[in-house]
Structures are given as C-alpha cells and as structure tokens.
Amino acid sequence: MTKRIRYLTMALVLLITGGSTNGWAQEGSGFNPTSPDEPGQPPMKLEVTVSPAEAGSVSGQGRYAEGTRVTLTAYVNTGFRFVGWVDKSGDVLSTSTSYAHVKQAGHERLTAKYQFDPTAPDEPDDPANIMYYQLQVNTTEGGTAYGGGRYLANRKVTLSAYADAKFDFVGWYDDATGEELSTSSSFRYTTTAKHRSITARFQFNPDSPDEPSEPIVHRMVTATATEGGTTNFSSKRVLIGSSTTLTATANTGYDFDGWYRNGELVTKLKSFSYKVTADYGQDFEARFTFNPSDPSDPGMPTTTRHSIFLMNKVTKPGSTVKFPVYLSSIGTLTDMTFQLEFPEELTPDFSSVEMSEKAVGYSISYNQQDSKNYIFTLTGGSVPAGNAALLVFTINVADDIITALDYPVKINLVEVTEEDGTVTTASTRNGRLSVYKAGDANGDDSVNLTDASWIVRHFVGRTPDGFIMEAADANYDDQVNVSDAQKAVRIFVGKE
C-alpha cells in the first residue's frame, strides 16, 4: 500500500508538471462521461472570496449543479460597509448583502466587495495619516444628483443623476476643465488625490413647445457634520417648496454649536424643519465643540482615536492557533476593559495569555459572563501610540470539531483610559476562525485526489484559485510540499 501511495503521488506530479490540467473525479461519484458535453455533470465549486479579507464574511459557497439558485449572504464587520457582489470580470452582480445567484457552468469565483468606513482606523495605517478628498457634485436646473462626499484617492464611486419631469439628462462635466466625463446617468468615477467638482447637466424638454405648465423640479439638500457628531442624513432630493427635517446628534464629550449654511449660523436648534427653495447650494453643516471635563485639555479625543480589532485566521483540527487582539491608538493608553465572545468550540487557554512587548506593566483579570462571553480588564500598565498586538490567546482546536465552518469571535463593551485620565471608548472590528480538515486544500470539506493534485500544483508553482494554504499542510509541519500530497492520498485511500 505504501508503494501504491508513492506511485500515485508521483503520477500526480508527472501529470501536473507535464502540462495536464484535468481534474479528478470525486470518490464514488461514478461520473465518467465520454465527452465534455455529456449531460449529468457533477456539481462544480462556487467560490466566494472577501475583499478586503478583514472586512467581513460570507455564506453560501460550495459545490452546486449548473442552474442551481444559490443564496449568498454577506456579513459586515465593524468599520466597513458592503459594496456589492463582483464576478471575475469585475462586473457588479448585486449590491444587496443577500443575493440569489444562479450557478453557471464550471468553477465560479465571486468576490464580496467591501469599503473601509472612515469612522474606524484602517489597519495598519495610522488614522492621522489617512487623507480624504472632497468630491462635490452639482446640478443645473432640471434634476438632482447623488454620490458626492469625502473619499480616499483612487476609489470607484457611483454618481447617479435623476431628471425632473420634462427634463432630459445631458451629461457629467468637470467644473475645472469643462470636460465631458460621461453621458450615462449612472456613472462610475475614479477619485483623485485632490478636491474635485463635477456637475450633472439637464435640459428642458416639454412634451409640446407650447405647453404652458411649469416643470416639476427638485433640489439637493446636504447635511454634513464636523468632528464630534452626526446628522440624520447626508444628502436628500427634495421637491422645491416642500420641507425636510434636519437633526444633529452630538457624540459623548461634545456640545452641539448649531446649524450653519455658507459659514453663517442658521439655528442652534438640534432639529429644525427647512423649506426647500429654488436656490442651488442648499448645504448645511452641523458643528460641534469638544467639551472635556478639564477645559484646559488641549486634546480632541473621539472614538476614532482608538481601535481594538480582531483578525481572521485559518486552522485545522488538532492544531494550536495563536489568536491576537490588536490595538491601534494615536495616544498612550493605560487601563482598559472589553468583552470578548469566543465560540464554545474554540475557547482559549486563559492561563497562557501573552502580552505585547509594547504593553508594559499590565495585570490581566477576566470574568466569565456565560459559556461564550468574557470581560477582560487590564490595569497598572501602559501602551504607547501606534499599532500593536495588544495580547495573544492560545486556542487548542479539538480533533472532532466541525470543519469547513467559520467560527466568529466578537469584541464589544470597550472602555479605555487615556494618559490624562480621560475614559473613552474605541471602535471595534470582529474576527473569525475558519477550520478545515488537514489536507482539504480546496475547502470542500473532503480530502481526496483533487486536494492532492492542488497541493502538487501549488508546489510546482501553479497554485489554483481558492487554494487554502493552512489546510493544505496535511502533515502539520508548517510547509506545503509533496509530502502533504502523499498524506492527502493516504487519507483518501483510508490509510490515515
């Protein structure tokens, strides 16, 4: 049997290095068509990736027959927002977090796209170094437009224009150069590393030149906020002569100063009703002022100054995995407390928690709330500004754990103490542990000749899409090579 395994593995190596890309049939499938067009083909893989990987997680991936209707669901981590489902050609299939996809022929790969939400720092960049640029969207008489705001450079932004009754959309124009950018009412614009102003142009086009009726027109009302608070909407299309309500909400530690338009105070009421006029530029700003307990404090702390976030890790049954808790801060922190929720199947060894070298002098205590939730308190130490693994847990993965699953790890109820004694909170981002069988290189929850061939293809430099490096390490030696392919074959023939 040992020789048979060795010969079978070598055959895989020769087959792959010789240029063949033929797949392997699943054990017991009985599928052996005489031609590629023979009906009754086996289910093929629907692979779904997440971009960026730390932004969220998805469900619904697997193997399906062509034509099967598959419901894909995207879950969004703190600090990100979902953008859409994208195929390998870059086309957006849907912008809904729940999407019913019809399985196409062959191996499909879709991507769940997310975008960083600037209310939380983006690892590993220091929040103070992130630069945003204003994209201003204007309109001529006869319609409204959406899509303006503050963006990072080189981001794809969808601009949408809506013509009022008896008006036609003409096009998008750069206000600085007069250049026509697009004649499509829905336009994908790439942001630049400078402030830009773009206008959507419309023209009046009544049904009859002699028609006496007045056109029905709207105006765009925008409501932005300075640091320290939020507004109830960012932009809204409102019929001229109608009213809309603007509401401002201050964050903890801030006072609301008032609503401003063109730099002039409109009202100090947090909420007020505004009647839309025919004027352009109906832009309002809610202003807030930091009001610390110590009026002489020169700082401007907000929840965006600090972030505690978790990572996404891949592991196997019977292994030991290091799971870090990261801290990003632009100021020194001392005492802190937070709640972690671990899945019952993956509870850490709390006796072996490792502290970062940057976190000096801390005493750690924890209180178990229930079977999943633990309150951690760190006192007596300090950690300087920057990005660092605050602490690292050791998790022993059971041999009998259910595989091909994502196990979420969550963090909340965060309080941190700044160097001057101010107690504030921090933004958070959840993580997960994904568990696959040893040797399951393609993540389909079985170990067979397909996995062995994938491992060999990776070893010779032809790594397949969807290859799971951590799971491919079938013999747990932290390397992926032909010996792992041999181990996968032994598992397949029942010798392991």
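What counts and what doesn't
Counting from 1, residues in each chain are numbered in the order their sequence is written. In keeping with the model being predicted, local features are shown solely for residues with a pLDDT of at least 70 and side-chain atom pairs are shown and tallied solely at 80 or more, while totals for entire chains, interfaces and linings include all residues. Water and hydrogen atoms were dropped before computing side-chain values, which therefore reflect all heavy atoms in the structure. Any two strands between which DSSP finds at least two bridges are classified as paired. Each helix is a run of H or I in the DSSP string that is no shorter than four residues. Each strand is a run of E no shorter than two, and both are numbered from the N terminus. The axes used here are C-alpha line fits, helices contributing only the stretch in contact, and every angle between their N-to-C directions lies in the interval 0 to 180 degrees. The pLDDT value tells you how sure the predictor is about a given residue, anywhere from 0 up to 100. Any two residues whose heavy atoms approach within 4.5 Å are treated as being in contact. The cut-offs for exposure are 20% and 50% of the maximum accessible area for each residue type, with area from a 1.4 Å probe on protein chains only; residues under the lower value are buried, those over the upper are exposed, and the others partly exposed. Whenever a nitrogen or oxygen atom comes within 3.5 Å of another N or O atom, the pair is scored as a polar contact, on the condition that within protein one atom can donate a hydrogen and the other can accept it, and that pairs from neighbouring residues in sequence are kept only if both atoms are in side chains.

Caption draft 1: Quick look at the sheet that holds strand 2 (residues 56-59). If you trace the 3 strands from one edge of the open sheet to the other, you get 2-4-7, paired in antiparallel fashion. Sheet topology places strand 2 and strand 7 (98-102) at the edges, where each strand pairs with a single neighbour. Strand-to-strand twist of the sheet, defined as the mean angle between neighbouring strand axes without regard to direction, takes the value 25°. Here 4 bridges tie strand 2 to strand 4 (residues 69-76), and the two strands are oriented antiparallel to one another. When the bridges of strand 4 are listed, S57 appears paired with Y75.

Caption draft 2: Quick peek at the confidence of the model for the protein chain. With 83% of its residues at a pLDDT of 70 or more, the protein chain shows a mean pLDDT of 79. Scored below 50 in pLDDT, residues 120-129 makes 21 contacts in the model with residues more than four places away or belonging to other chains. Contacts from residues 293-303, a stretch scored under 50 in pLDDT, to residues over four places away or in other chains number 17 contacts.

Caption draft 3: Molecular detail of helix 2 (residues 449-459). With 9 of 11 residues buried, helix 2 lies mostly within the body of the structure. Within helix 2, burial applies to L449, T450, D451, A452, S453, W454, I455, V456 and H458. Sitting at the head of helix 2, N448 places a side-chain oxygen 3.1 Å from the backbone nitrogen of T450.

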